[in-house]
Amino acid sequence: MKHIALLLLLASLATAAIAEDTEQARSYTPPATMVIPMVSLVGGFIPESKTPFVSPMLQARFSHRFTDFQKTPELTLNAEGRIAPVEMQMGASFSAKLFNFATLSAGGDVSTSWGLHIGPLDLDLIGSYDYAKKRYEYFSPLTHWVYDLWAQCAISYDIGSELSDGKHHVLLNVSYRTQYSAMTGVDDGEMWMNMGMGEQVNGWTYRATAGFSYQFPFKFLKSAGLSASLSGYYSDAPFAARYKDYDGDFVDISVTATAMASIGYKDIFMLLVPVSGKRNLDCDDDDLRPLSKPDGRKWGLDVIMLTYTHLF
């Protein structure tokens with residue numbers, strides 16, 4: 001279940017980046033107000049379980065720029081939404097590009113997911129942990145929602161252009177995001193699950209990311225890059241005392257290789273290969289994970305994922 005959530009989450013992040021890059025890459029100045037609907041097909045292979053996965057996803061992005069294009073400060077209001085067979089999310093944010101290379105942004109999102117019980121698929125993806133019963137109690141569709149409030153600082157600098165007099169483009173990207181996440185109807189300190197990703201609680205989390213990408217001067221292949229991120233809860237305080245063995249402030253590490261190609265600017269292909277180092281829990285049962293104690297860190301290849309996105 002966790003791999004399904006990871007695929008869709010990575011795909012949504014990738015397509016959001018695609019929409020932003022498309023606005024910047026066109027040779028003309030984009031209008032102040034833009035609406036970009038898009039449809040994606042997400043495919044992946046999960047090495048751990050040797051399982052292929054395919055899912056469609058619909059997304060739409062709205063943006064309104066209050067200031068002149070590429071003139072700082074550049075102020076933009078964004079809103080976007082997505083829906084897939086097992087989840088949906090909506091959000092809005094405001095960004096301020098203070099310099100050519102630095103952007104501050106803040107926003108909020110709401111999301112939910114539901115089970116999928118079709119043929120051989122028997123998935124329950126949203127619920128809260130019942131400590132007395134030592135298991136997750138799953139929710140009916142659309143009865144519980146997760147809301148996120150976040151702020152982010154991002155820096156992007158074309159060091160390749162500086163060093164090669166504009167002949168090559170190597171982008172360095174660094175970002176830091178702080179976020180408060182909570183699920184409706186779940187008490188503070190109790191664990192919950194959304195999109196199959198469990199062992200979450202109401203509280204503040206962070207994500208620090210650094211990476212680079214090389215922009216190819218080719219018609220089809222556009223870029224390739226590598227990024228690394230650290231994420232987790234600031235402390236174990238949001239977790240109830242009975243979950244102390246779970247090590248709530250454990251730091252997850254993720255390293256992701258990416259490549260992007262396109263046919264024109266409307267048809268985009270993206271390959272993502274994330275490798276992560278997470279809690280090493282000697283337990284494959286979701287219902288027992290909250291009660292398990294990590295034994296160091298476990299590294300593994302999460303998925304090999306390819307997305308195709310068409311912009312309308």
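Above this text sits the structure in question.
Numbers given for residues are sequential positions, taken from 1 along each chain in its written order. Side-chain atom pairs in this predicted model are given and counted only at pLDDT of 80 or more, local residue features only at pLDDT of at least 70, and totals for whole chains, interfaces and linings cover all residues. Note that water and hydrogens are dropped before the side-chain values are worked out from all heavy atoms of the structure.

A. Inspection of a negative patch on the surface at higher detail. Patch membership requires over 30% relative accessible area and the absence of a salt bridge. Like charges are linked within 9 Å, and nonpolar side chains (Val, Leu, Ile, Met, Phe, Trp, Tyr) within 5 Å. The accessible surface values rely on the Shrake-Rupley method and a 1.4 Å probe; as for residues, cover is taken only from the protein chains in view. Basic side-chain nitrogens of Lys or Arg form a salt bridge, by our definition, when they fall within 4 Å of a carboxyl oxygen of Asp or Glu. For the purpose of charge, His is not counted, nor are the chain termini; Lys and Arg are scored as positive and Asp and Glu as negative. Taken as the charge location is NZ of Lys, CZ of Arg, CG of Asp or CD of Glu. A cluster of acidic residues, Glu48, Asp282, Asp284, Asp285 and Asp295, forms a negative patch at the surface. Strands here mean DSSP runs of E at least two residues long; helices mean DSSP runs of H or I at least four residues long; both are numbered from the N terminus. Its location among the elements puts Asp285 in the loop between β17 (267-279) and β18 (297-301). Taking the relative accessible area as the measure of exposure, Asp285 reaches 36% and is therefore partly exposed. Per-residue accessibility, obtained with a 1.4 Å probe over protein chains only, is compared with the maximum for each type, and a residue is labelled buried under 20%, exposed over 50%, and partly exposed between these values.

B. Structural view of the pairing of strand β9 (residues 135-138). Two strands pair under a simple rule: DSSP has to find at least two bridges between them. Across four bridges, the pairing between strand β8 (residues 127-130) and β9 is antiparallel. Residue pairing in the sheet places Asp130 in a bridge with Arg135 of β9. A loop of four residues connects β8 with β9, the two strands running antiparallel in sequence, and Lys134 in this loop sits at a positive phi of about 60°.

C. Main features of the packing of aromatic side chains. Only Phe, Tyr and Trp rings take part, Trp by its six-membered ring, and two of them pair if their centres are within 6.5 Å. Stacked means planes under 30 degrees apart, edge-to-face means over 60, and tilted covers everything else. Tallied over the full model, the rule gives 16 aromatic pairs. Judged by centre distance (6.4 Å) and plane angle (25°), the ring pair of Tyr136 and Tyr138 falls under stacked. Note on Tyr136: relative accessible area 3%, which makes it buried. Between the aromatic rings of Phe216 and Phe218, the centroid separation amounts to 5.6 Å while the plane-to-plane angle is 15°, which identifies the pairing as stacked. By relative accessible area, which is 25% here, Phe216 ends up partly exposed. Residue class for Phe218 comes out partly exposed when judged on its relative accessible area of 46%. Three or more aromatic residues link up through ring pairs in this structure, and these residues are Tyr129, Tyr131, Tyr136, Tyr138 and Tyr243. When the ring centre of Trp150 is taken as origin, the NZ or CZ atom of Arg177, which lies over that ring, is 4.2 Å away. Lying over the aromatic face of Tyr131, Arg242 brings its terminal NZ or CZ to 5.0 Å of the ring centre. Here, a charge over a ring is recorded when the distance from Lys NZ or Arg CZ to the ring centre is within 6 Å and its angle to the ring normal is within 35 degrees.

D. Up close: the pairing of β8. Note that β8 and strand β12 (residues 192-194) share two bridges and pair antiparallel. The residue bridging Ser128 from the neighbouring strand is Trp192, located in β12.

E. Up close: the sheet that holds strand β13 (residues 197-200). Sheet architecture is open: four strands sit in the order β9-β8-β12-β13, paired in antiparallel fashion. Taken across any chain shown, the strands that pair with only one partner, and hence form the sheet edges, are β9 and β13. Pairwise comparison of adjacent strand axes, ignoring direction, gives a mean angle of 30° for this sheet. Note that β12 and β13 share two bridges and pair antiparallel. In the sheet register, Asn194 faces β13, and the bridge partner there is Met197. Only C-alpha atoms enter the line fits that serve as axes; for helices the fit covers just the stretch in contact. Angles between N-to-C directions range over 0 to 180 degrees.

F. Examining the pattern of salt bridges more closely. Considering all chains together, one arrives at seven salt bridges under this definition. A salt bridge links Glu80 to Arg61; the nearest nitrogen and oxygen atoms lie 3.7 Å apart. A residue pair is termed long-range when its members are at least 10 positions apart, and Glu80 in strand β3 (residues 74-84) and Arg61 in strand β2 (residues 51-65) qualify at 19 residues. The exposure class of Arg61 is buried, given its relative accessible area of 7%. Measuring nitrogen to oxygen at the nearest pair gives 4.0 Å for the salt bridge that ties Arg177 to Asp109. Note that Arg177 is positioned in strand β11 (residues 169-183) and Asp109 in strand β5 (residues 102-113), a separation of 68 residues in sequence. Owing to a relative accessible area of 23%, Arg177 belongs among the partly exposed residues under this scheme. In the salt-bridge network here, residues are joined through shared partners; they are Lys133, Arg135 and Glu137.

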